[in-house]
Amino acid sequence: MKSMKKCFRNLSDIEIQPVYGPQDIKDFDYQYDLGMPGEFPFARGIYPTMYRGRLWTMRQFAGFGTAEESNRRYRYLLKQGNTGLSVAFDMPTLMGYDSDDPRSRGEVGRCGVAIDSLADMETLFRDIPLDRVSVSMTINGPAIVLFTLYLVVAERQGVRLRDLQGTLQNDILKEYIAQKEWICPPAPSLKIINDIVRFCVESVPRYHPISISGYHIREAGSTAVQELAFTLYDGLTYVMSAIEAGLKVDEFAPRLSFFFNAHNDFFEEIAKYRAARRLWAREMKARFRPENAASLALRFHTQTAGCALTAQQPYNNVVRVTLQALAAVLGGTQSLHTNSLDETLALPTEEAVKIAVRTQQIIAHESGVANTADPLGGAYYLESLTNRMESEAKAYFDKLDEMGGMIEAIQRGFPQSEIHRAAVAYQKETDNRERIIVGVNAYAEPEERRVPTLKIKGEVEKKQVQRLKQRKKSRNAKKVAAVLSQLAGIAEANGDLMPAVIEAVRAQCTVGEICEVFRRVYGEYREAVSL
Amino acid sequence: MGGVGILQYPNTPSLHNPSEKRRVIKTRSMKTATGKPARKLRVLIAKVGLDGHDRGVKIVARGLRDAGMEVIYLGIHNTPEEIASSALQEDVDAIGLSIHSAAHMTLFGEVLALLKKNKARDIAVFGGGIIPQEDIRSLKKMGIKEIFTPGAPLEEIVKFVKSIKSTRRKARTGNSA
């Protein structure tokens with residue numbers, strides 16, 4: 001290949017040496033740096049037996065069209081051997097608008113499932129036993145509404161709240177930093193999150209109320225170090241906020257979970273997961289002094305990098321996803337989503353999803369990598385890289401501490417501009433062919449092979465809007481007005497929102513109506529336009 | 001909403017924000033060989049719809065600016081109405097739309113319809129994002145000039161935008177000459 005530059009830097013711009021040896025991990029102390037799996041500082045994993053005891057949860061993120069269609073896809077996924085569900089909502093739901101809102105035009109059911117009120121949620125989980133299937137919900141701004149909808153559906157299924165297992169993403173900080181789907185400003189948003197956490201502590205003890213997410217930070221263009229640093233620091237911010245709201249660290253910290261990306265650089269990713277566990281354990285111990293060891297253990301879900309997929313030669317994506325998924329498993333993930341080959345074009349077809357699920361099953365059952373905990377532990381290169389990831393993330397922690405915390409940093413645009421800078425650098429490197437992306441800037445083909453893509457019918461929006469209008473007509477309007485005004489009163493008085501939102505959801509108030517109360521009382525978040 | 005924010009980052013090089021006229025970066029006209037002033041290409045870049053995935057759109061906006069164009073970046077969460085009215089107000093030659101929510105058929109179509117309604121179909125509209133092949137064909141039939149999907153090199157996008165022959169630009173240059 002002509003004029004291909006040699007690049008021996010990983011995606012965090014760390015220079016990689018020709019070979020690693022004992023001199024690269026000079027002060028290595030097994031007990032201090034690694035410990036046994038299941039022991040502080042958890043570098044080797046959070047369970048003593050890791051995947052021998054239990055494989056990771058194979059959890060594919062899915063949702064599109066109406067609740068009926070998504071329910072069908074979920075039951076298909078469970079039949080294919082998925083061991084958990086993960087709900088993708090459409091844009092209006094993610095932003096807290098109803099399907100009939102003018103801003104929802106063209107968006108209803110397009111990139112996730114449209115949920116307006118209780119009836120939709122009941123349809124979504126029809127014939128799915130919520131006491132046995134754990135459900136993860138990717139929802140942030142309106143998290144409290146979708147969570148209460150889920151609770152009320154469980155209640156109607158006859159499931160006890162204490163038997164519910166699952167995860168609410170509920171991570172607003174990374175929305176301001178990266179994904180940009182928000183409703184309210186930081187202070188009221190953190191207050192709502194604390195109400196959810198408190199409710200879970202008291203009534204839904206097996207549920208994970210926040211999934212602190214680096215995935216979206218990475219997708220927005222960050223390096224692996226930035227993903228690690230900003231995500232863990234977001235986590236510390238939630239812990240601090242809940243403690244300030246009167247909770248004890250050991251009451252909720254064992255129920256926090258994390259969500260990371262699995263990008264292309266194989267060893268860098270494995271080092272990132274190991275460094276994440278160690279850094280979290282050390283920081284939690286130093287900052288909050290919990291008594292329960294479970295408060296120090298970092299559990300995480302992984303999704304392979306959507307931004308690493310290419311529209312060109314899409315079948316190559318199967319191979320990329322395999323390598324990324326393998327890194328996540330070697331890094332000790334608790335659950336995993338593998339992307340489908342067609343996801344740079346549209347939501348995945350059933351056939352494409354099946355290959356993605358099979359990829360996980362092949363890693364789990366055929367490759368042998370699940371036979372022992374942290375199989376790469378002790379490797380010179382990996383340990384050196386793990387140390388480096390941790391120390392660079394720590395340097396970001398110091399900067400963020402100095403700025404006065406994450407909210408202050410977000411308001412200054414600090415994480416946003418760091419990520420943007422990294423994204424621009426990455427684009428330049430691929431444009432200059434310093435980084436080779438197979439099928440894109442090397443080995444490209446003029447004639448592209450087409451893959452079939454999933455189509456969302458235009459009728460979905462019409463059907464959903466019609467149904468919503470009918471439901472609005474058939475409910476008790478007086479009751480709706482009363483519970484919404486009660487909710488507004490509680491929000492204004494800074495009271496516990498959970499009971500009031502549960503009441504509103506039971507009275508068939510919509511996601512949009514409840515979020516409108518929040519918009520009115522707390523205001524809407526606005527971001528500066530900047531490049 | 002319209003992506004106009006309360007937060008300002010003093011250290012970030014800012015493109016101008018259409019609602020704050022004074023902050024508009026005015027680029028001086030340069031004389032061409034024939035002595036006529038050649039206006040820079042004016043491009044409005046925006047995310048349309050509700051998704052906030054702005055990694056690509058910001059890289060494109062910056063890339064076009066670095067290539068010497070006047071770029072008006074509207075940010076995220078814009079409606080077709082907000083985009084069309086900004087485009088008219090700013091008298092742009094082209095509009096670049098980014099979308100990752102799969103609402104492109106509706107929202108790109110609405111932008112085109114609003115331009116037509118305002119007799120501004122000469123503004124070239126192009127776009128990018130997660131858009132399947134069949135939809136690209138339909139969008140082009142509707143009048144979208146080009147669609148870029150993930151992996152498109154920045155250079156290719158810059159080259160395309162540079163090639164836009166703007167009748168508006170000629171008209172404006174004529175008027176101001």
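Below, the structure is looked at part by part. (Residues numbered from 1 in each chain as written. Chains lettered and ligands numbered in written order. Predicted model: local features only at pLDDT ≥ 70, side-chain atom pairs only at ≥ 80, totals over all residues. Heavy atoms only, no water.)

Re the overall build of chain B
- Looking only at helices and strands, one finds 6 helices and 7 strands in chain B.
- Starting at the N terminus and walking to the C terminus, you meet the elements of chain B as β-β-β-α-β-α-β-α-β-α-β-α-α.
- Per-residue burial for chain B yields a buried fraction of 55% across its 177 residues.
- Within chain B, residue pairs in contact and separated by at least 24 positions form 68% of the contacts whose partners lie at least 6 positions apart.
- Of the accessible surface of chain B, which amounts to about 8000 Å², a share of 55% is contributed by carbon and sulfur atoms. (Helix = DSSP H or I, 4+ residues; strand = E, 2+ residues; numbered from the N terminus. Buried < 20%, exposed > 50% of the residue type's maximum accessible area, 1.4 Å probe, protein only. Contact = heavy atoms within 4.5 Å. Areas by Shrake-Rupley, 256 points an atom, 1.4 Å probe, with all protein chains shown as cover.)

Considering the pairing of strand β6 (residues 124–129) of chain B
Residues and elements named next belong to chain B.
- Most of β6 is tucked away: 6 of the 6 residues are buried.
- Burial of the side chains of β6 extends over both faces: Ala 124, Phe 126 and Gly 128 are buried on one face and Val 125, Gly 127 and Gly 129 on the other.
- By the bridge criterion, 6 bridges tie strand β5 (residues 94–99) to β6 in an arrangement that is parallel. When the sheet's bridge partners are listed, Ile 95 is paired in β6 with Val 125. (Pairing = 2+ DSSP bridges.)

Brief notes about the layout of surface pockets
- Of the pockets and cavities examined, the second largest pocket occupies roughly 720 Å³.
- Residue lining of the second largest pocket: 29 residues in total, with A:Ala311, A:Gln312, A:Glu448, B:Gln133 and B:Thr149 positioned closest to the centre.
- Of all elements in the fold, only α4 (133–142) and β7 (146–148) of chain B reach the threshold of two or more residues within the lining of the second largest pocket.
- Per element, the largest residue contribution to the lining of the second largest pocket is 5 residues, and it comes from α4(B). (1 Å grid on protein atoms, 1.4 Å probe; cavity = no way out; pocket = protein on both sides within 12 Å on 5 of 7 lines; lining within 4 Å. Points joined across faces, edges and corners; volume = space filled by probe spheres on them.)

Quick notes on the sheet that holds strand β6 (residues 211–213) of chain A
Residue and element names in this part refer to chain A.
- Strand order in the open sheet formed by 9 strands is β5-β4-β3-β2-β1-β9-β8-β7-β6, with parallel pairing between adjacent strands. Each having just a single partner strand, β5 (207–208) and β6 make up the two edges of the open sheet.
- In terms of strand pairing, strand β7 (residues 257–262) meets strand β8 (residues 300–304) through 5 bridges, oriented parallel. From the neighbouring strand, Phe 259 faces β8, where its bridge partner is His 301.
- In the packing of helix α11 (residues 266–288) onto the sheet, the strands contacted are β7 and β8, and the crossing angle to β7 comes to about 160°. (Axes fitted to C-alpha atoms, helices over the stretch in contact; angles between N-to-C directions.)

Overview of the packing of aromatic side chains
- In the structure shown here, the tally under the stated rule is 24 aromatic pairs over all chains.
- Where A:Tyr150 meets A:Tyr207, the ring centres are 5.7 Å apart and the plane angle is 35°; that geometry is what we call tilted. Of the two residues, A:Tyr150 is situated in helix α5 (residues 143–156) and A:Tyr207 in strand β5; the sequence distance between them amounts to 57 residues. A:Tyr207 matches A:Tyr150 in its accessibility class, with the two residues each being buried.
- A ring pair is formed by B:Phe148 and B:Phe160, whose centres lie 5.7 Å apart and whose planes are at 70°; its orientation type is edge-to-face. Within this pair, whereas B:Phe148 is found in strand β7, its partner B:Phe160 is found in helix α5 (residues 154–162), the two being separated by 12 residues in sequence. (Phe/Tyr/Trp six-rings, centres within 6.5 Å; stacked < 30°, edge-to-face > 60°.)

Here's the deal with the pattern of salt bridges
Residues and elements named next belong to chain A.
- In total, this model carries 47 salt bridges over all chains according to the counting rule given.
- Glu 122 is the partner of Arg 156 in a salt bridge, and the nearest nitrogen-oxygen pair spans 3.3 Å. Note that Arg 156 is positioned in helix α5 and Glu 122 in helix α4 (residues 118–124), a separation of 34 residues in sequence.
- Between Asp 374 and Arg 274 there is a salt bridge, and its shortest N-O distance comes to 3.0 Å. Taken together, the residues span a long stretch of sequence, with Asp 374 in the loop between α13 (350–365) and α14 (380–403) and Arg 274 in helix α11 at a distance of 100 residues.
- Residues joined by salt bridges that share partners form a network here, namely Arg 9, Asp 13, Glu 429, Glu 434 and Arg 435. (Salt bridge = Lys/Arg side-chain N within 4 Å of Asp/Glu carboxyl O.)

Looking at the sheet that holds strand β3 (residues 42–47) of chain B
All names here are of chain B.
- Strands sit in the order β4-β3-β5-β6-β7 across an open sheet of 5 strands; the sheet is parallel. Here the strands that pair on one side only, and so sit at the sheet edges, are β4 (70–73) and β7. The sheet shows a mean angle of 20° between the axes of neighbouring strands, direction not considered.
- Pairing of β6 with β7, which is carried by 3 bridges, proceeds in the parallel orientation.

Some details on the packing of helix α7 (residues 186–203) of chain A against helix α9 (residues 224–244) of chain A
Residue and element names in this part refer to chain A.
- In contact at an axis separation of 10 Å, α7 and α9 are set at 75° when each is read in the N-to-C sense. Relative to α9, the element α7 is oriented roughly perpendicular. The segment α7 lies against α9, with Leu 190, Ile 193 and Asn 194 engaging Tyr 238, Ser 241 and Ala 242.
- Residue composition of the contact of α7 with α9, grouped by class: 4 nonpolar, 2 polar and no charged. (Parallel < 35°, antiparallel > 145°, perpendicular 65-115°, else oblique. Nonpolar A, V, L, I, M, F, W, Y, C, P; charged D, E, K, R; others polar.)

So, the environment of A:Gly246
- Considering the arrangement of structural elements, one finds A:Gly246 in the loop between α9 and α10 (249–252).
- The sequence separation of A:Gly246 and A:Arg198 amounts to 48 residues, and the corresponding C-alpha distance is 9.2 Å.

Some remarks on the pairing of β8(A)
All names here are of chain A.
- The buried count for β8 comes to 5 of 5 residues, which makes it a mostly enclosed element.
- With respect to chirality, the unit in which β7 leads through α11 into the neighbouring parallel β8 is right-handed.
- As judged from the 3 bridges shared by β8 and strand β9 (residues 335–337), these two strands associate in the parallel manner. Within β9, the residue paired with Thr 302 across the bridge is Leu 336.
- Following the backbone out of β8, through helix α12 (residues 316–330) and into the adjacent parallel β9, one traces a crossover that is right-handed. (Right-handed = clockwise from strand over helix to strand, strands pointing away.)

Some details on the packing of α5(A) against helix α19 (residues 498–506) of chain A
Residue and element names in this part refer to chain A.
- Remark: α5 packs on α19, axes separated minimally by 9 Å, with the N-to-C direction vectors making an angle of 65°. Between α5 and α19 lies a crossing whose hand is right-handed. Between α5 and α19, the contacting residues are Ile 144, Val 145, Phe 147, Thr 148, Leu 149, Leu 151, Val 152 and Glu 155 on the first element and Met 498, Val 501, Ile 502, Val 505 and Arg 506 on the second.
- Looking at the contact of α5 with α19 residue by residue, the class counts come to 10 nonpolar, 1 polar and 2 charged. (Left-handed = near helix turned anticlockwise from the far one by under 90°.)

Describing α11(A)
Residue and element names in this part refer to chain A.
- Its 23 residues give α11 an end-to-end C-alpha distance of 33 Å, which sits within 8% of 33 Å, the value for a rise of 1.5 Å per residue.
- Counting buried residues in α11 gives 18 out of 23 residues, a clear majority hidden from the surface.
- Phi turns positive, to about 45°, at Arg 289, one or two residues after α11. (Expected span 1.5 Å × (residues − 1).)

Describing empty space enclosed by the protein
- Counting across every chain of the model gives 8 cavities of 30 Å³ or more.
- Looking at the largest cavity, its volume works out to about 110 Å³.
- Counting residues per element, the ones that place at least two in the lining of the largest cavity are α5 and α7 of chain A.
- Looking at the lining of the largest cavity, the element that brings in the most residues is α7(A), giving 4 residues.
- Tallied by class, the residues present in the lining of the largest cavity amount to 9 nonpolar, 4 polar and 1 charged.
- The volume enclosed by the second largest cavity comes to roughly 90 Å³.
- At the level of secondary structure, the elements contributing two or more residues to the lining of the second largest cavity comprise α6 (173–179) and α16 (414–431) of chain A together with α1 (55–66) of chain B.

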